[in-house]
Amino acid sequence: KIKIIIDTDPGIDDAAAISIALTRPELDVQLITTVAGNVAVDKTTINALKLTRFFNSDVPVAAGANSPLIKPFEDAARIHGESGMPGYDFPEGYGEAINKTAVEAMYDVLMASAEPITLVPLGAYTNIALLLREHPDAVAKIDRIVAMGGALKGGNMTSGAEFNVFTDPHAAEMVYKSGVPVVMIGLDITLKALLSTESIETIKGLNESGKMLHALITHYGDGGAEGVPMHDVNTIFYLLHPEAIQTKDLWVDVVTEGPANGTTIADVRGAYHDGKTNVAVSYDIDTAAFNKFMIDSIAAMPR
Ligand code: BDR
Ligand code: CA
């Protein structure tokens, strides 16, 4: 089993990623930590708890940063609704976050683990950057960081910046420069591998999980007639099907100030950083396999 820690801001596509991660037998989710992003951290924490409750999972949830390292916090409620997970009536009684911060909880889980753990950030990288800064001894316990965010080309916030990196560009820069292996699951693939309108219809009828995810997806402000991007799910897909996503090693910098802030700049010709690399950047994906993965994963959910 692949041991992972999910750091997240649910968020509709986060909810789909978490649902799949909690229920796929190949994955062992050790911890879920939350961050401010799509909505404020008190809401992303409640949403993570609603999902662990929905799947009757005992994976602990720890609340993390309520704002980026330096930039002021701005949410994405226009895309994910005021609650972050609109459209489905989750039952009350979803329990509480554990009595540790996200950074403390990640540190404890990492240090207690015999083998290294993969970190899977699905929101701004604020908690991850704080962990790396405050606990350099934890680095040896991190297998790699498979992170949704950034892009080789184009943005979904500005013409250059993707939302997770845009939310906390300083954190992204720290993560990319940390020396920990990073896989960038960016917009180049997540905007390609749309969950088709047909797949969305199929999901609805599969089971209660499909009904829940279908309800969230139909309240999603992202996507169009051809389908919706399920950005965060691509990280989980990559963990289980690396053959379906192409990556190349590049040096990636982050613009942290000014109108281009949040833009990831990849040194595609090795001209600026002398051929050194710090990130495995995804650039192509098998869209049909991604759709099949989502449907098969949901169909196999326990409820
Ligand atoms: C990212 O931004 C968030 O709104 C999504 O959940 C995803 O993590 C896509 O740019
Ligand atoms: Ca997210």
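Residues numbered from 1 in each chain as written. Chains lettered and ligands numbered in written order. Predicted model: local features only at pLDDT ≥ 70, side-chain atom pairs only at ≥ 80, totals over all residues.

So, about the packing of helix H4 (residues 102-112) against helix H5 (residues 126-134). Close contact between H4 and H5 brings their axes to 9 Å; oriented N to C, the two are set at 60°. Taken together, the axes of H4 and H5 lie oblique to each other. Judged by the sense of rotation from one axis to the other, the crossing of H4 with H5 is right-handed. Facing Ala-102, Val-103, Met-106 and Tyr-107 of H4, the residues of H5 in contact are Asn-127, Leu-130, Leu-131 and Glu-134. Broken down by class, the residue content of the contact of H4 with H5 amounts to six nonpolar, one polar and one charged. (Axes fitted to C-alpha atoms, helices over the stretch in contact; angles between N-to-C directions. Helix = DSSP H or I, 4+ residues; strand = E, 2+ residues; numbered from the N terminus. Parallel < 35°, antiparallel > 145°, perpendicular 65-115°, else oblique. Left-handed = near helix turned anticlockwise from the far one by under 90°. Contact = placed C-beta atoms within 7 Å. Nonpolar A, V, L, I, M, F, W, Y, C, P; charged D, E, K, R; others polar.)

So, about the site of ligand 1. Around ligand 1 sit 15 residues, and of these Gly-11, Asp-13, Phe-163, His-231 and Asp-232 come closest. Every element with two or more residues in the shell around ligand 1 is listed here: helix H1 (12-23) and helix H6 (163-167). Residues that form the shell around ligand 1 fall into these classes: five nonpolar, six polar and four charged. (Near = placed C-beta within 6 Å.)

Next up on the list: the UniProt feature "domain: Inosine/uridine-preferring nucleoside hydrolase" (unreviewed entry) in the chain. In the numbering adopted here, UniProt assigns the feature "domain: Inosine/uridine-preferring nucleoside hydrolase" (unreviewed entry) to residues 4-291. For residues 4-291, the end-to-end C-alpha separation is 23 Å, with 34% helix and 20% strand making up the annotated structure. (UniProt positions renumbered as here; feature names shortened; annotations may be inferred.)

What follows covers the pairing of strand E1 (residues 2-8). Among the seven residues in E1, five count as buried, and that is most of the element. The pairing of E1 with strand E2 (residues 27-34) spans seven bridges and is parallel. Residue Asp-7 lies in a different strand from E2, and its bridge partner there is Thr-33. After leaving E1, the chain enters H1 and then returns to the sheet as E2, a path that is right-handed. Direction of pairing for E1 relative to strand E4 (residues 117-121): parallel, over a ladder of four bridges. In the sheet register, Asp-7 faces E4, and the bridge partner there is Pro-121. (Buried ≥ 20, exposed ≤ 12 C-beta atoms within 10 Å, placed from the backbone. Pairing = 2+ DSSP bridges. Right-handed = clockwise from strand over helix to strand, strands pointing away.)

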